[in-house]
Amino acid sequence: MSLVSAERIKLFSTRSPWACGLLAIALPVAFTALLAAQAGGDLEIDIGATQLTAGLGRSVVLVLAALAVTSEYRFGTIRSTFQAVPNRSAALLAKALVVAGLTGVIGACVGFGCWAMFRLIKPNAGLALDSGQDWRTVAGQALVFALAALLALGVGILVRQTAGAVALLLVYSLLVESLVTLIPKVGQDIQHWLPFFAADRFIGVGRDNGAREVVDLPLTPWGYLLYFAVIALAVLTAGIFSATRRDA
Amino acid sequence: MIEAVGLTKRYGKTLAVDNLSFSVPTGRVTGFLGPNGAGKSTTMRMILGLDTPTGGSALIDGKRYRDLHQPLRTVGALLDAKWVHPNRSARAHLQWMAKSNKLPARRVDEVLEIVGLTAVAGKRAGGFSLGMSQRLGIAAALLGDPQVLLFDEPVNGLDPEGILWIRKFMHRLADEGRTVFVSSHLLSEMALTAQELVVIGRGKLISQSSTEDFVAQATENTVRVRSPQLAVLRGALGRLGANLRDEGENLVVSGMDCADIGELAAREGVVLHELSPQRGSLEEAFMQLTGDSVEYHTELTDGQTPATLVPAGK
């Protein structure tokens, strides 16, 4: 528990997590307001539509989580950390717990914030949360954000450099996964097994069009969440494993 | 007590630390001396479990660092004063370290008081001068009130006031009965601070002894003689087996002290114009001992472009 407190002090005593956290919430909520104001024509209004901009927040959270560890490598404090806590796995797991907790809260704020903003602007659109699926779409952002953050933390530990880790994460999550469909024949099938696609399937929101539902998917939404969780934890484990082997 | 046994670290083809064995006795200040790039920082990182040795081991009171429970209570270290997040306040930096080893929060204010940073505790560490950063690093090392302290080049880049403060501080720590292991590439500094010396060059042990012995051994005591009748004196000294060396018009004698030479001159009826003891400088002695082991020689003598200077190991 003391390790978790130490990591909490570390995370909240610099400015960048605060800035990233506020940005991660403000960006998607603000864009949801824009979207809602123009909704009604092409865009079919359902719960899924309220979460269309959440991906913006998720990208910022990837940066937040990667920074939480790459800045330690950048400024050498990772050495002070390992000096204070020679059990590196324990130190990094404590960090993972704190980052997951914070980003989970951010995810919940984004999920409910976007939904509330949409509902405020379109009060008559029937956006009450009255099915399990509706709740999954909105509250599920907490799980997706936390898992995405753990994945980013793992990448951060592996890459160690802020610019490298952030570029890798953003280019992959924003571009590579959508571009994969350009591969003839197998592109679509490959995409069905990519991590951020999986996360989006759990939420039930399309990458480019909220209304289009893909029918022949290999996993159920909860199956996709589990799949995303396994990938995120695998990357984190790889990161922690390499940190215990490397010279600090 | 810190004990290194056959400590070895290899980076690719470079052998940074080569089968290094030494011990740092309890309750004394031990200097860790060697030219830049000799492997001092690497050795210290291995003692602290930050780098894994290629071979051998380093033990603190018989335990590997990794096996220490709440290590800040046993070993405090300052390897690099810049290992602080520039946007974190000095107090927050110490707070997380204290928390990680279950140290009471009031200890943070205590160590800030000890190093005299109380007034700037809430300020960003990034705005600190080198001297203040160094003090913050020492505060961090003292957090757990440890019996063993490691400092890597603590006076490097400090102004005279800072150097004096650090020097006094080391003595105070040793007077409190703590074991202090402090590295430096300056023998003159170590001669003032350390009681014991571990000297390395190119990753190898050159000597381990008390500072006094090292200085006596390393510096050659000679006597300079000036006389109009040098030839006579030279013959008499030669018969007694003294080592003689010409230095311009003078004669430099080693292996005999002033009194012996003076008495000999009186017996032989030789007039002396000068008879003065010469003490070799510490730096010269150090250069002599480690001369072969300096990693990056500069070729300034042959009049060509000097070799590129390579920065020190940290």
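Residues numbered from 1 in each chain as written. Chains lettered and ligands numbered in written order. Predicted model: local features only at pLDDT ≥ 70, side-chain atom pairs only at ≥ 80, totals over all residues. Heavy atoms only, no water.

1. What about the overall build of chain A?
No. 1: Across its full length, chain A holds 11 helices and 0 strands.
No. 2: Overall, chain A shows an N-to-C arrangement of helices and strands of α-α-α-α-α-α-α-α-α-α-α.
No. 3: The C-alpha radius of gyration of chain A comes to 19 Å, within 12% of the 18 Å expected for a compact globule of 248 residues.
No. 4: Its C-alpha atoms give chain A principal-axis dimensions of roughly 60 × 40 × 30 Å. (Helix = DSSP H or I, 4+ residues; strand = E, 2+ residues; numbered from the N terminus. Rg over C-alpha atoms; globule rule 2.2 N^0.38 Å.)

2. Describing the interface of chain A and chain B
No. 1: On the chain B side, the residues contacting the 27 residues of chain A number 28 residues.
No. 2: Carbon and sulfur atoms make up 60% of the surface buried where chain A meets chain B, a total of about 2400 Å² over both sides.
No. 3: Among the residues of chain A in contact with chain B, Phe75, Gln83 and Asp247 of chain A are the three that bury the most area, contributing 25% of the side total.
No. 4: For the pair chain A and chain B, the number of links is 1 salt bridge.
No. 5: Taking the shortest distance from any N to any O, the salt bridge between Asp247 of chain A and Lys9 of chain B comes out at 2.7 Å.
No. 6: Here chain A and chain B share 10 residue pairs in polar contact (both at pLDDT 80 or more) between them. (Contact = heavy atoms within 4.5 Å. Buried area = accessible area lost by both parts, 1.4 Å probe. Salt bridge = Lys/Arg side-chain N within 4 Å of Asp/Glu carboxyl O. Polar contact = N/O pair within 3.5 Å; in protein donor to acceptor, adjacent residues only side chain to side chain.)

3. So, the sheet that holds strand E6 (residues 148–152) of chain B
All names here are of chain B.
No. 1: Strand order in the open sheet formed by 6 strands is E5-E6-E7-E3-E8-E9, with mixed pairing between adjacent strands. Two strands close off the open sheet at either side, each with one partner strand: strand E5 (75–78) and strand E9 (204–210). Adjacent strand axes in the sheet meet at a mean angle of 15 degrees, parallel and antiparallel pairs treated alike.
No. 2: As defined by bridge partners, strand E3 (residues 29–33) adjoins strand E7 (residues 179–184) across 5 bridges and the pair is classed as parallel. (Pairing = 2+ DSSP bridges. Axes fitted to C-alpha atoms, helices over the stretch in contact; angles between N-to-C directions.)

4. A look at the pairing of E7 of chain B
Along any regular strand the residues' side chains alternate between the sheet's two faces.
All names here are of chain B.
No. 1: Counting buried residues along E7, 6 of its 6 residues qualify, which places the element largely inside the surrounding structure.
No. 2: With 5 bridges connecting them, E6 and E7 associate as parallel partners. Paired with Phe151 across the strands is Val182, a residue of E7. (Buried < 20%, exposed > 50% of the residue type's maximum accessible area, 1.4 Å probe, protein only.)

5. Some remarks on the environment of Lys122 of chain A
Residue and element names in this part refer to chain A.
No. 1: Looking at the element boundaries, Lys122 is found in the loop between helix H6 (88–121) and helix H7 (132–159).
No. 2: Lys122 gets classed as partly exposed once you look at its relative accessible area, which sits at 22%.
No. 3: Residues Lys122 and Asp216, 94 residues apart in the sequence, show an inter-C-alpha distance of 32 Å.

6. With respect to the nonpolar core
Soluble, globular proteins show a tendency: their nonpolar side chains are buried together.
No. 1: Counting residues in hydrophobic clusters, the biggest one holds 91 residues, and the most contacted among them are Ile157 of chain A together with Phe22, Leu150 and Phe181 of chain B.
No. 2: Setting aside residues up to four positions removed in sequence, Phe22 of chain B forms contacts with Ile2, Glu3, Ala4, Phe32, Thr43, Ile47, Phe181, Val198, Leu205 and Gln208 of chain B.
No. 3: Within the second largest apolar cluster, 52 residues are counted, among which are Leu103, Leu117, Met170 and Val180 of chain B. (Core = buried A, V, L, I, M, F, W, Y, C linked by side-chain atoms within 4.5 Å.)

7. Overview of helix H1 (residues 2–12) of chain A
No. 1: Here H1 of chain A lies mainly inside the structure; 8 of its 11 residues are buried.
No. 2: For H1 of chain A, every residue scored as buried is listed here: Ser2, Val4, Ser5, Ala6, Glu7, Ile9, Lys10 and Leu11 of chain A.
No. 3: Residues of H1 of chain A that are buried in the fold lie against helix H2 (15–38), helix H4 (54–75), helix H5 (77–84) and H6 of chain A together with helix H2 (90–100) of chain B.

8. Description of the packing of helix H3 (residues 106–115) of chain B against helix H4 (residues 130–142) of chain B
Residue and element names in this part refer to chain B.
No. 1: Two numbers describe how H3 lies on H4: the axes approach to 9 Å, and their chain directions differ by 135 degrees. Taken together, H3 and H4 sit at an angle that is classed as oblique. Like other packed secondary-structure pairs, H3 and H4 cross with a definite hand, here right-handed. Together, Arg107, Val111, Ile114 and Val115 of H3 and Arg135, Ile138, Ala139 and Leu142 of H4 make up the contact between the two elements. (Parallel < 35°, antiparallel > 145°, perpendicular 65-115°, else oblique. Left-handed = near helix turned anticlockwise from the far one by under 90°.)

9. Let's talk about the state of the cysteines
Residue and element names in this part refer to chain A.
No. 1: The tally for this structure, following the rule as stated, stands at 0 disulfides over all chains.
No. 2: No disulfide involves Cys114; its sulfur sits 10 Å from that of Cys109, the nearest cysteine.
No. 3: On the accessibility criterion, Cys114 (0% relative accessible area) is buried. (Disulfide = S-S within 2.5 Å.)

10. Here we look at the packing of aromatic side chains
Residue and element names in this part refer to chain A.
No. 1: Scanning the model with the defined rule gives 12 aromatic pairs over all chains in all.
No. 2: Centroid distance Phe12 to Trp18: 5.4 Å. Interplanar angle 55 degrees. Geometry classified as tilted.
No. 3: Ring geometry for Trp193 against Tyr227: centres 5.3 Å apart, planes inclined by 75 degrees, an arrangement best described as edge-to-face. Of this pair, Trp193 sits in the loop between helix H9 (187–191) and helix H10 (195–203) while Tyr227 sits in helix H11 (residues 221–245), and the two are 34 residues apart along the sequence.
No. 4: Residue classification places Trp193 among the partly exposed positions, given a relative accessible area of 39%.
No. 5: For Tyr227, a relative accessible area of 23% translates into the label partly exposed.
No. 6: Aromatic rings pair up to connect Phe112, Trp115 and Trp135 into one cluster.
No. 7: Above the ring of Tyr73, the side-chain terminus of Arg160 is found at 5.8 Å from the ring centroid.
No. 8: Geometry around Phe197 places Arg201 over its ring, the cationic atom sitting 5.5 Å from the centre. (Phe/Tyr/Trp six-rings, centres within 6.5 Å; stacked < 30°, edge-to-face > 60°. Lys NZ or Arg CZ within 6 Å of the ring centre and 35° of its normal.)

11. Describing the domain arrangement of chain B
No. 1: As assigned here, chain B comprises domain 1 (2–217) and domain 2 (220–279).
No. 2: For domain 1 of chain B versus domain 2 of chain B, the distance between C-alpha centres works out to 47 Å. (Domains from an automatic or database assignment.)

12. Considerations on a nonpolar patch on the surface
No. 1: Nonpolar side chains collect at one region of the surface, where Val171, Leu174, Leu175, Val176, Leu179 and Leu182 of chain A lie side by side and expose about 550 Å² of accessible area between them.
No. 2: Within the fold, Leu179 of chain A resides in helix H8 (residues 162–179). (Patch = residues over 30% accessible without salt bridge, like charges linked within 9 Å, V, L, I, M, F, W, Y side chains within 5 Å. Areas by Shrake-Rupley, 256 points an atom, 1.4 Å probe, with all protein chains shown as cover.)

13. Considerations on the sheet that holds strand E4 (residues 55–60) of chain B
Residues and elements named next belong to chain B.
No. 1: Read from one edge to the other, the open sheet built from 3 strands follows the order E2-E1-E4, with strand pairing classed as antiparallel. Edge positions in the sheet fall to strand E2 (14–24) and E4, since each has one partner strand and no second. When strand polarity is set aside, the average angle formed by the axes of neighbouring strands in this sheet is 20 degrees.

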